[in-house]
Structures are given as structure tokens and as C-alpha cells.
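Now for the letters of each chain:
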Amino acid sequence: DTAVSQTPKYLVTQMGNDKSIKCEQNLGHDTMYWYKQDSKKFLKIMFSYNNKELIINETVPNRFSPKSPDKAHLNLHINSLELGDSAVYFCASSPYGSGNTIYFGEGSWLTVV
Amino acid sequence: SQELEQSPQSLIVQEGKNLTINCTSSKTLYGLYWYKQKYGEGLIFLMMLQKGGEEKSHEKITAKLDEKKQQSSLHITASQPSHAGIYLCGAESGNTGKLIFGQGTTLQVKP
């Protein structure tokens, strides 16, 4: 069983389009995250939600809007896609607080053309 | 802000050889995580270290955190092609579970 699953795994879309990436975790965790990995493999946090509430919002363009309908789901919607948005987006989850293992999904490869 | 520096950035070894990857922090580490990334498989959790001097092993991979809690090393014994991938160290930043990552070390193991 996949603990943290995200869809789609691959996405190729044109500039200016709006797209969403969905994430679900079946680990019973309270906290979920979105990370972005750029072309240089540098992995950086974008957002974190705890029990549907936003707790971390790094400096991310307003075009990126996370939504958590329940604590097992955290979706990422991106408006007006730009070439620079091309990256791998990882969803993750963990129990709330420090010292807990964070489990990552398999990533969603987004290519904007 | 805290930064993590990994070395080397890339590594090519012959199968059967031992290797070490280092992760150095600009601040004291309160939780140090090692992950492995293979294409199409996301990030696989390897180990987490919290105490100074702590050492953990899983199969042929050993991770250590120094006494000052500012440096960690990942050692692979008798490397195999299955060890190939990108190794990432991550550190907790704040008390929210947020991780910051090093730039990664790409490992290739030649048969």
C-alpha cells in the first residue's frame, strides 16, 4: 500500500494553463507538506498544513494555492503556469511536531512548455 | 538561516568499494535526516539522528552525527549498484517539522 500518493506522476502543460496536483496519505498523520525540487535537485519546502490548517507558507508566488479538504489530503493548485514552474513537486506527511519522520510521495514531474 | 552543505556533490565508485558522504550544518542540528532518491521512486527515508555521537545502521548503510551536532556522515560498505541514487540530508528548522535540505550527493556504482 502506498503511504503517500500523489497524482499525476507526470504532467506536461502549456504556459498560462491552470493545473492541480493531488496528494493523499493513509498514515493517519496530522501534518502534510508540499516541497519543490528544482532542476539542480535542490529540495525546498513550499507549504505545510496541520489538520487542515496552514502552518508554513514559504515565499511562494500567489499563483500556488494549497488546499486541504481533510487531514489526509493536500492538493496543490497552480494558476497561470510559467516556464520556471517546471520542477518535481513532492508531497509529504508526518505526525505533528519535531522529531518525527517525514514520509514523501513519489513526486509529480511538471513540465511547462 | 540554517544551511546544509553536502560533499561530495557527486561520486562514482566501483562496486564493492566503501564510500562516505558528508553533511555539514551552519547551526546545531536538532534532527538530521538522511533520504535516498531514485528516479521515479520519490524520497526514501533512511535514518534519523538526534543525539550527539549517535550512530545508526541499516543493512550496509551507517549514519553518524558528531558530538557537536553540526556534522553527519553516511557511510556505505561494499557498495552495490542498488545503492546508486541521490542522497539527501535534511535538518529540522524550527518546531514545525519543516525540513531544509542539502543540495544532494549523486552516487553512481559501477558494476
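Overview of the structure. (Residues numbered from 1 in each chain as written. Chains lettered and ligands numbered in written order. Predicted model: local features only at pLDDT ≥ 70, side-chain atom pairs only at ≥ 80, totals over all residues. Heavy atoms only, no water.)

**Focus on the overall build of chain B**
- The secondary structure content of chain B amounts to zero helices and 11 strands.
- Tracing chain B from N to C terminus, the helices and strands come up as β-β-β-β-β-β-β-β-β-β-β.
- At 13 Å, chain B has a C-alpha radius of gyration in line with the 13 Å of a compact globule built from 111 residues.
- With respect to the three principal axes, the spread of C-alpha positions in chain B is 40 × 30 × 20 Å.
- A burial count over chain B gives 50% of its 111 residues as buried.
- Here the analysis covers contacts within chain B between residues at least 6 apart in sequence; of these, 54% occur between residues at least 24 apart.
- Distance between charge centres in chain B, computed from 12 positive and 10 negative side chains, equals 1 Å. (Helix = DSSP H or I, 4+ residues; strand = E, 2+ residues; numbered from the N terminus. Rg over C-alpha atoms; globule rule 2.2 N^0.38 Å. Buried < 20%, exposed > 50% of the residue type's maximum accessible area, 1.4 Å probe, protein only. Contact = heavy atoms within 4.5 Å. Lys, Arg positive; Asp, Glu negative; His and termini not counted. Charge placed at Lys NZ, Arg CZ, Asp CG, Glu CD.)

**Let's talk about the sheet that holds strand β3 (residues 19-25) of chain A**
Residues and elements named next belong to chain A.
- One open sheet holds the four strands; their spatial order is β1-β3-β8-β7, and the pairing between them is antiparallel. At either margin of the open sheet sits one strand with a lone partner, and together these are β1 (4-7) and β7 (64-70). In this sheet, neighbouring strand axes are inclined to one another by 20 degrees on average, regardless of whether the strands run parallel or antiparallel.
- Inspection of the sheet shows β1 paired to β3 by four bridges, in the antiparallel sense. Within the sheet, the bridge partner assigned to T7 lies in β3 and is K22. (Pairing = 2+ DSSP bridges. Axes fitted to C-alpha atoms, helices over the stretch in contact; angles between N-to-C directions.)

**Looking at the state of the cysteines**
- Per the stated rule, a full pass over the model turns up two disulfides over all chains.
- One disulfide bridge connects C23 of chain A with C91 of chain A, the sulfur atoms lying 1.8 Å from each other. Since a negative S-S torsion denotes a left-handed disulfide, the C23 of chain A-C91 of chain A link at about -80 degrees is left-handed. One end of the pair, C23 of chain A, is in strand β3; the other, C91 of chain A, is in strand β9 (residues 87-94), and 68 residues separate them in sequence. Each member of the pair C23 of chain A and C91 of chain A is classed as buried.
- In this model C23 of chain B forms its disulfide with C89 of chain B; the gap between the sulfur atoms is 2.0 Å. Taking the torsion about the S-S bond as the criterion, the C23 of chain B to C89 of chain B disulfide, at about 75 degrees, is right-handed. (Disulfide = S-S within 2.5 Å.)

**Points about the pattern of salt bridges**
- The final tally for this structure, using the stated rule, is seven salt bridges over all chains.
- Between K9 of chain A and E106 of chain A there is a salt bridge, with the nearest N and O atoms lying 3.5 Å from each other. Of the two residues, K9 of chain A sits in the loop between β1 and β2 (10-13) while E106 of chain A sits in the loop between β10 (103-104) and β11 (108-112), which places them 97 residues apart along the sequence.
- In this structure, E58 of chain A and K98 of chain B form a salt bridge, with 3.0 Å as the shortest nitrogen-oxygen distance. In this pair, E58 of chain A sits in the loop between β6 (53-57) and β7 while K98 of chain B sits in the loop between β9 (85-92) and β10 (99-101), so the two residues belong to two different chains.
- E58 of chain A gets classed as partly exposed once you look at its relative accessible area, which sits at 23%.
- Each of R63, E82 and D85 of chain A takes part in salt bridges that share partners, so that together they form one network. (Salt bridge = Lys/Arg side-chain N within 4 Å of Asp/Glu carboxyl O.)

**What about the nonpolar core?**
All names here are of chain B.
- With 23 residues, the main nonpolar core has L4, L19, L32, W34, L74, Y87 and L107 as its most contacted residues.
- Residue assignment for this core shows that the elements contributing at least two residues are β2 (10-14), β3 (19-25), β4 (32-38), β5 (42-49), β7 (61-65), β8 (71-76), β9 and β11 (105-110).
- If sequence neighbours within four positions are ignored, Y87 has contacts with Q6, I21, Y35, K36, L46, L74, I76, G104, T105 and L107. (Core = buried A, V, L, I, M, F, W, Y, C linked by side-chain atoms within 4.5 Å.)

**Quick word on the pairing of β7 of chain B**
All names here are of chain B.
- Along β7, four of the five residues are buried, which leaves the element largely enclosed by surrounding structure.
- Direction of pairing for strand β6 (residues 55-58) relative to β7: antiparallel, over a ladder of four bridges. Within β7, the residue paired with E55 across the bridge is K64.
- Across five bridges, the pairing between β7 and β8 is antiparallel. Looking at β8, one finds that L65 is bridged to S72.

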